[in-house]
Amino acid sequence: MSRILKINVKTKLAIVLTLILGILTFHTESSFAASFYQTAPKKDTTRQKTDTTRKDSIRNVVDTLKMSKDSIDAPIQYTAEDSGVLIIPTKEFILYGKAKVDYTDLKLEAATIRYDQQTQLVKAYGSRDSTGNPMSKPQFIQGSMKSVSDSIFFNMKSGKGLTKNTFFQEGEIYVNAVDLKKISATEVFARRARFTTCNLDTPHYNFRTAKMKIINNKLGIAGPSFPEFEGVPMPIGIPFGIFPLSQGRHSGILPPAFNASPDFGLGLEGLGYYKVLSDNLDATVRANIYSFGGWSMNFNSKYIKRYAYTGNLNLTFQNTKSLNNSTTSKDEFNSFRSFMINWTHSRDNRARPGTNFSANVNFGSTRFNQTVLNNPFINFQNQISSSISYGKDWRGKYNLSLNLNHNQNSNTRLVNMNLPTVNFNMVTKYPFQKADQIGSGKWYEKIGIGYSGNFQNQLSFYDTAFSINRILDTMQYGAIHNIPITLSLPSLGAITIAPSVSYEERWYGQRTFLSWDSSSQKVDTLKQRGFYTARQMSFGLGLNTRIFGTYKFKPKSNVMAIRHEIRPTISINYQPDFGSKYHYTTQVDSSGRTIRLSQFQSGIIGSFGEGAFGGMGFGIDNLLEMKIKNTKDTADKKGRKVKLIDGFGFNSSYNFLADSFQLGNFNIYARSTLFEKVNITAGANLDPYDVDSQGYRVNKLLWDPANFKFGRITSGNIAISTSFKSKSKDGKKEDDKNIPIDPFMTPDEQQRQMQFARANPAEFTDFNIPWSVNLSYSFNFTRVLLPDFSGYQTETFSSINFNGDFSLTDKWKVGATGYYDITRRSLQQLSTFITREMHCWQLSINVNPVGLYRSFNITISPKSGILRDLRINRSRTFSNSTF
């Protein structure tokens, strides 16, 4: 009988390797047969004795069966394209031709696989062509580690192995080792290795080291390493390298970046430590240190609990010390301290249905934003605001909201705090409606009554003159109670009628009186604190409808039709004069001019106007649409709608009971999107009455159609924005360049991420879009009363914002973003960038030549996350302002 049995795997002969190996792994001791026959009885005297003897003999048989040391603990799945050879005496099995073996979490593919059962050693080899060049190489996979080698030797029992000329990937690192020794399922040692993050067969760069250790999904450690670029060794090196490979969060040191500034000195920026405190909480501490003595410290902590809440706390303290560039001061340095507190919190609605709590706090020194280096978007933010809100809903019938608000202006340095603002609302109830109503019901059953209340408490102070007494002196409160009564009537054809009655009462904590002081020739102010009330009532009847008009074009025209929709509204209102008793007449200048003022005009909730109103309000809104043929799809008979004017109209009022100024101001507005690219929004306030030489209104209509005079525009605004970009190189539709947003990030964190991207545009460049341009223009003006009541003046503001980029080549891209103040006729901020795509590396140059700080930054760094701190960085910052 032949000792070597050859099996054709393709024909699937009826010899199963697993079964044969299973038989070979068991053997019996030499005493097996003797033990069996010695226990058998010579004479069958009783049935009971025979049964007992048989049980003993079976037990002896089981005891003599032992597991061989060379047995396997799991089935082996194998295939081969050519054949498999089983050598029974030596217990060897060989697979030829694209062989594959699966054993537990091990997968092996090679041209030839040899398995020795006695030693449990697996050897795998590749194949070569007739010229000796390799055609295939063995591949070994265990867990998440995959390797390709010239040869593989692996012990299936100990889990240890040795490979030659191995290529494998661990996380973002690609390693090529002459010798690779695997000592466990998670640890390998490499000798004469090269490692890189470039995924090309011939990488652009790599580090060469004599020894290296990798712990799977945890850590990579290399000895003395020397870089090579395009195969050329560099005359520099690092004594050792530690590369984190673990997935998810882990604590560690945050390396700094070097910066230089003639105003702040040499600096280390971003030095810190990140600590994972728990699965729901972490903390980051960073510091900036400058040689002139300035420093800043930042603490950031993020907390999150799924389906419950998420939030972020950020504390920043700055000790700014910059070189004094002023010629009027003898001090060498300008020094001051500032701080900023940012806290965001949001609760999942599923945590406590019916209630919600959220916070977005931004509170700090008013000069903090001006001292943040290399961030022009923060430098020009003059408004800071905060909000903490709590809401409660009672099954849709009542709702309560409690808010704590704050805002401050960096220019005026004024801080306003609303502590608190309370709103309570009751949905409209129908007291005359039957609980078991059938049909539409009587008209009086549709009478509805509601309630809305608002309470505010405000205090103000300047951060340059902070004191408790001044804060208490500015504190004032107010409340508004509104009770609307409505009646829902059925439509009269296309006309809808809506009568209403409203009662409103306001509470004030103080009132103000202005009086003329003839001795000092100025207006004095007197404030009285207490509890004061004012009330107002109004009656109204509203009518509205919609009118449509369509003009159809000839069938040959690409324009199918134009539709014009007109939405007129008319309301008849009556409001008795409840406000006259809260007004008074006072002199405001030496000429004896007098004006009427409300004693509650300085209140936080405003005051009622005086005089009865009995008249009507009217307005017209227009919508213009065009339907064009679909030139891309001739089978589409419906066409495509294009909006020409999204909205255009006006509204005003006329008071029949007033003795003067009967016609109210006209509020004019327009909005449109031209060619689906240009967004236009405009608005204006038209006063139909004339003014005197000082700008005060006189009861004379400015109506002169011949000279195109229909009144005075007292305020207006227009905003135009557009965005253009080329098609992507791959032909796919892409949205605007976005930064990936973590869904568990708070809005404040998302805003900070966007600000970082705007401040460093070169690091977030999309080379798939050859060019893009974004433009926006805004213009605002208004007429305001001078503080000394001597007349009015017009304040205007106009600006242009722009940003864009274009590719010089497939690898080079330049771009810029800026802000031009037309009112001041100066460029307020400009940031430019140049970036070079280098596959696994990236060159970015950011230059800010205009702004509070002028700076440039040059960075060359790998794209890989684990090597992001291995970068060449050069930064300089210059100050344009004096503090």
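Coordinates for the structure precede this section.
Residues numbered from 1 in each chain as written. Predicted model: local features only at pLDDT ≥ 70, side-chain atom pairs only at ≥ 80, totals over all residues. Heavy atoms only, no water.

A. Main features of the overall build of the chain. Counting its regular elements, the chain contains 6 helices and 54 strands. Looking at the chain residue by residue over its 883 residues, the buried ones come to 35%. Sequence separation of at least 24 residues holds for 51% of the intrachain contacts in the chain that already meet a minimum separation of 6. Put simply, the chain shows about 51700 Å² of open surface, and 58% of that area lies on carbon and sulfur atoms. (Helix = DSSP H or I, 4+ residues; strand = E, 2+ residues; numbered from the N terminus. Buried < 20%, exposed > 50% of the residue type's maximum accessible area, 1.4 Å probe, protein only. Contact = heavy atoms within 4.5 Å. Areas by Shrake-Rupley, 256 points an atom, 1.4 Å probe, with all protein chains shown as cover.)

B. Molecular detail of the pairing of strand β32 (residues 414-429). Across 10 bridges, the pairing between strand β31 (residues 398-409) and β32 is antiparallel. When the bridges of β32 are listed, H406 appears paired with M417. Taking the residues that link successive antiparallel strands as the turn, the β31-β32 hairpin has 4 residues, and the phi of R413 there is positive, at about 65 degrees. Pairing of β32 with strand β33 (residues 447-462), which is carried by 12 bridges, proceeds in the antiparallel orientation. Following the sheet pairing, N416 is matched in β33 by S460. (Pairing = 2+ DSSP bridges.)

C. Molecular detail of the pattern of salt bridges. Across all of its chains, the model carries 23 salt bridges by this definition. Here E92 and R114 are joined by a salt bridge, their closest N and O atoms 3.8 Å apart. Here the residue E92 occupies a position in strand β6 (residues 92-103), and R114 occupies one in strand β7 (residues 106-116), the gap between them amounting to 22 residues. For the salt bridge of R712 with D687, the shortest nitrogen-to-oxygen distance reads 2.8 Å. Of the two residues, R712 sits in strand β47 (residues 712-725) while D687 sits in strand β44 (residues 678-687), which places them 25 residues apart along the sequence. An identical accessibility class is assigned to R712 and D687; each is buried. Through salt bridges with shared partners, a single network forms among R546, R563, E565, R567, D621 and E625. (Salt bridge = Lys/Arg side-chain N within 4 Å of Asp/Glu carboxyl O.)

D. Structural view of the environment of Q381. Take Q381: it is sitting in the loop between α4 (376-379) and β30 (383-394). Among the residues examined, Q381 registers a relative accessible area of 31% and is labelled partly exposed.

E. Spotlight on the packing of aromatic side chains. Applying the stated criterion across every chain yields a total of 30 aromatic pairs. A centroid spacing of 5.4 Å and a plane angle of 70 degrees characterise the contact between Y78 and F93, whose relative ring orientation is edge-to-face. In this pair, Y78 is assigned in strand β4 (residues 77-79) and F93 in strand β6, connecting sequence segments 15 residues apart. Of the residues examined, F93 reaches a relative accessible area of 6% and is grouped as buried. Through pairs of rings, three or more aromatic residues link up here, namely F195, Y205, F207, F229 and W841. (Phe/Tyr/Trp six-rings, centres within 6.5 Å; stacked < 30°, edge-to-face > 60°.)

F. Region of the structure containing a nonpolar patch on the surface. Taken together, the side chains of F724, W771, V773, L775, F806, L808, W812 and I834 present a nonpolar region at the surface, about 690 Å² in accessible area. Of note, W771 is situated in strand β48 (residues 771-785). (Patch = residues over 30% accessible without salt bridge, like charges linked within 9 Å, V, L, I, M, F, W, Y side chains within 5 Å.)

G. Seen up close, unusual backbone geometry. Residues L419 and P420 are joined by a peptide bond in cis, for which omega reads -5 degrees. With respect to the helices, strands and loops of the structure, P420 is situated in strand β32. With a phi angle near 55 degrees, R395 is a residue other than glycine that sits in the positive phi range. Along the chain, R395 falls in the loop between β30 and β31. Taking the relative accessible area as the measure of exposure, R395 reaches 83% and is therefore exposed.

H. Region of the structure containing the nonpolar core. F168, I173, V175, F195, Y205, M212 and I214 are the most contacted members of the largest nonpolar core, which has 22 residues in total. The set of elements that each furnish at least two residues to this core consists of β15 (173-182), β16 (187-196) and β17 (205-215). Look past the residues within four positions of F195 in its chain and what remains in contact with it is I173, Y174, V175, N206, F207, T209, M212, A222, S225 and F243. Core analysis: the second largest hydrophobic core is formed by 20 residues, F93, A99, L108 and V122 among them. (Core = buried A, V, L, I, M, F, W, Y, C linked by side-chain atoms within 4.5 Å.)

I. Seen up close, the pairing of β7. Burial analysis of β7 places 8 of its 11 residues in the buried class, the great majority of the element. Pairing between β6 and β7: 10 bridges, direction antiparallel. Along β7, the bridge assignment pairs Y96 with T112. The turn linking β6 back onto β7 is made up of 2 residues, and T104 within it adopts a positive phi angle of 50 degrees. Across 4 bridges, β7 lies against strand β11 (residues 139-142) in antiparallel orientation. Each bridged residue has a counterpart across the sheet, and for L106 the counterpart in β11 is Q142. As consecutive antiparallel partners, β7 and strand β8 (residues 121-125) are separated by 4 residues, and within that stretch Q120 has a phi angle of approximately 55 degrees, a positive value.

J. Fine view of the environment of P862. Its place among the elements puts P862 in strand β53 (residues 853-862). Distance in space between the C-alpha atoms of P862 and T196 is 10.0 Å, their sequence separation being 666 residues. Every residue in contact with P862, bar those within four places of it in the chain, is listed here: Y205, C840, W841, L867, R868 and L870.

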